[in-house]
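Secondary and tertiary structure notes
In case you want the letters, here they are:
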Amino acid sequence: VYSCEVLGYRAHLSVIIGCVGIRIPQMFARLGLLARSSSFGGTGMLQQARGVTSYLPSPGDASSQTVTLIPGDGIGPEVTKSVVDVVAAMGAPITWERFDYLSGSEGGKVPRTSVPKEVLDSIRRNGVCLKGTLFTQLDTNNTNTQSLNVQLRKDLDLHVNVVHGYTIPGLNTRHSGLDIVVIRENTEGEYSGLEHEVVEGVVESLKVITYEKSLRTAQYAFEFAYLNHRKKVSAIHKANIMKQGDGTFLKACREVARNFPRIQYEEVIVDNTCMQLVTRPQQFDVMVTPNLYGNLVSNVVAGLCGGFGVVPGGNIGDGVAVFEQGARHVAKDLTGQGVANPTATLLSTAMMFRHLKLAGFADRLDAAVLQVYKDGDKSALTPDVGGEGTLMRFTEAVLRNLEIRENKTD
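Residues numbered from 1 in each chain as written. Predicted model: local features only at pLDDT ≥ 70, side-chain atom pairs only at ≥ 80, totals over all residues. Heavy atoms only, no water.

The name an unreviewed UniProt entry assigns to the protein chain is Isopropylmalate dehydrogenase-like domain-containing protein, from the organism Volvox africanus. In its Sequence similarities (unreviewed entry) section, the UniProt record describing the protein chain reads: "Belongs to the isocitrate and isopropylmalate dehydrogenases family." (UniProt positions renumbered as here; feature names shortened; annotations may be inferred.)

Helix and strand content of the protein chain: 13 helices and 12 strands. Classification of the 410 residues of the protein chain by burial places 55% in the buried group. Contacts spanning at least 24 positions in sequence make up 74% of the contacts within the protein chain whose residues lie at least 6 apart. (Helix = DSSP H or I, 4+ residues; strand = E, 2+ residues; numbered from the N terminus. Buried < 20%, exposed > 50% of the residue type's maximum accessible area, 1.4 Å probe, protein only. Contact = heavy atoms within 4.5 Å.)

With that settled, consider the packing of helix α9 (residues 270-279) against helix α10 (residues 291-305). Axis separation between α9 and α10 bottoms out at 10 Å; the angle between their running directions is 5°. Judged by the inter-axis angle, α9 sits roughly parallel to α10. Between α9, through Val270, Thr273, Leu277 and Val278, and α10, the contact on the second element is made entirely by Tyr293, Val297, Val300, Val301 and Leu304. Taken together, the residues of the contact of α9 with α10 break down into 8 nonpolar, 1 polar and no charged. (Axes fitted to C-alpha atoms, helices over the stretch in contact; angles between N-to-C directions. Parallel < 35°, antiparallel > 145°, perpendicular 65-115°, else oblique. Nonpolar A, V, L, I, M, F, W, Y, C, P; charged D, E, K, R; others polar.)

Attention now goes to helix α6 (residues 148-155). α6 sits mainly inside the fold: 6 of its 8 residues count as buried. All of the buried residues in α6 are Leu148, Asn149, Val150, Gln151, Leu152 and Arg153. As for α6, its buried residues are in contact with α5 (117-126), β3 (128-131), β5 (179-185), β6 (189-199) and β11 (312-316). Two residues or fewer after α6 comes Asp157, characterised by a positive phi angle close to 50°.

Core analysis: the biggest nonpolar cluster contains 84 residues, and Ile94, Trp96, Ile183, Phe353, Leu365 and Val398 have the highest contact counts within it. When near neighbours in sequence (up to four residues on either side) are disregarded, Leu365 contacts Val86, Met90, Leu346, Thr349, Ala350, Phe353, Val398 and Leu402. Formed by 15 residues, the second largest nonpolar core is a distinct cluster that contains Leu102, Val119, Leu152 and Val322. (Core = buried A, V, L, I, M, F, W, Y, C linked by side-chain atoms within 4.5 Å.)

Spatially, β2-β1-β3-β12-β11-β4-β5-β10-β8-β9 is the arrangement adopted by the 10 strands of the open sheet, whose pairing is mixed. Because the sheet does not close on itself, it has two edges, and the strands there are β2 (94-98) and β9 (264-269). Each strand axis lies, on average, 25° off the axis of its neighbour in the sheet, ignoring direction. In this sheet, strand β12 (residues 321-325) lies alongside β3 in parallel orientation, the contact comprising 3 bridges. Pairing of Cys129 across the sheet is with Val322, part of β12. Here α9 sits on the sheet and contacts β5, β8 (232-237), β9 and β10 (286-289); the angle it forms with β9, its principal contact strand, is near 105°. (Pairing = 2+ DSSP bridges.)

Once that is clear, we can look at unusual backbone geometry. The residue Asp157 is not glycine, and still its phi comes out positive at about 50°. Within the secondary structure layout, Asp157 lies in the loop between α6 and β4 (160-166). Backbone geometry places Lys357, a non-glycine residue, at a positive phi of 65°. Mapped onto the elements, Lys357 comes out in the loop between α11 (343-355) and α12 (359-375).

Our next topic: the pattern of salt bridges. Summed over the entire model, instances satisfying the criterion amount to 16 salt bridges. With its nearest N and O atoms 2.8 Å apart, the salt bridge here joins Lys81 to Asp85. Taken together, the residues span about one helical turn, with Lys81 and Asp85 both in helix α4 (residues 76-90) at a distance of 4 residues. A relative accessible area of 32% places Asp85 in the partly exposed class. Ionic pairing is found between Asp271 and Lys238, a salt bridge with its closest N-O pair at 3.2 Å. Remark: Lys238 occurs in the loop between β8 and α8 (245-257) and Asp271 occurs in helix α9; sequence separation between them is 33 residues. (Salt bridge = Lys/Arg side-chain N within 4 Å of Asp/Glu carboxyl O.)

In this section: the environment of Met287. Mapped onto the fold, Met287 is located in strand β10. By relative accessible area, which is 0% here, Met287 ends up buried. Separated by 10 residues in the primary sequence, Met287 and Val297 have C-alpha atoms spaced 9.0 Å apart. Every residue in contact with Met287, bar those within four places of it in the chain, is listed here: Ile180, Val181, Val182, Ile183, Ser234, Ile236, Thr273, Leu277 and Val297.

In this structure the tally under the stated criterion is 6 aromatic pairs. Between the aromatic rings of Phe353 and Phe361, the centroid separation amounts to 5.9 Å while the plane-to-plane angle is 45°, which identifies the pairing as tilted. Exposure class is identical for Phe353 and Phe361. Each is buried. Through a chain of ring-to-ring contacts, three or more aromatic side chains come together here, namely Phe222, Tyr226, Phe260 and Tyr265. One residue, Arg184, lies across the ring of Tyr191, its end atom 5.2 Å from the ring centre. (Phe/Tyr/Trp six-rings, centres within 6.5 Å; stacked < 30°, edge-to-face > 60°. Lys NZ or Arg CZ within 6 Å of the ring centre and 35° of its normal.)

With respect to burial, β4 is a largely interior element, 7 of its 7 residues being buried. Judged by which residues are buried, β4 turns out to be covered on both faces: Val160, Val162, His164 and Tyr166 on one side and Asn161, Val163 and Gly165 on the other are all buried. Pairing analysis gives 7 bridges linking β4 to β5, with the strands arranged antiparallel. Residue Val163 lies in a different strand from β5, and its bridge partner there is Val182. The sheet contact formed by β4 and β11 spans 4 bridges and is antiparallel. Its bridge partner being in β11, Val160 is matched across the sheet by Ile316.

See the structure below:
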């Protein structure tokens, strides 16, 4: 009973969490990401399991909620438009506060090197944001060591990034039966932005690992595994070389692991992790990582599951959440062609719905998106997943599936 289905019933959850000593306020702040979800589990136990008991909302849960929307660069405006159209068609109680101008690109927008205060204030005020990836220019003229995406995560202290890769029925990939969650520290490590040229031709870049931030990442990973009835947490590291930096991360993971005796804990060196992922990925369940390793591993997992266009993700802080595709790609080469895959952003929106306690909308959206793959109509699927369709055709298929399900309900 302590798996995803219980999330949304505050009294039941408080009893369960109290028994194991987990901090209740922090848990309630994270309910949306941990709610019962087929977008947080494509196979096995995390598939949609509604049972016969109705979701019991609190008074006011149907009130309109304002969400910050940052379309971003590249294909971001196209895939977020798909989301806006679908959300409107569903009649979901969402009002968008848009920031279309925020960009790190030159594509018709003014490139920026910092996130405007009004954008940060909007996300803090609303508590929830949906965003496309913001472009980071890679040349010597851009001397800012912090991309807009990194600045956003640091300014809002979005200290945990969660990416969920799983096998989508109907989508052919090299491996089947995948169900991997990558939980990544999101604010320090190699992304600390501390680098300088010591002398000409010699650059020093600092990797900062703190026990405090490692501990809260490990705590979140084990809480996630416990509440989602996961069996194993794998800590990814390179402590055989970086004995103090990654050693500190492992020390935090080991301390938290002792509080969760029912969850298997293992430590895997990052290079071996990559080899194991491409040979026997089914062995992994929940992976907890420092910042850079999490970025690398998340992209490998996304590739195994069908590419950056299909894997959802979210960034979680205290009282704030930003949802985006799990593998952050601007895909400028696809911009304007109408063939971008909106699956990842739509499934990330389903995560957002659960975060906002709109479980029914999340279930409907999940089912409608995944049905497109089950149907296998190549004219509706985008080229990246073997189809011959367009973003518009995919969106239309999702809308038809939503309509069919509603008519069956009626």
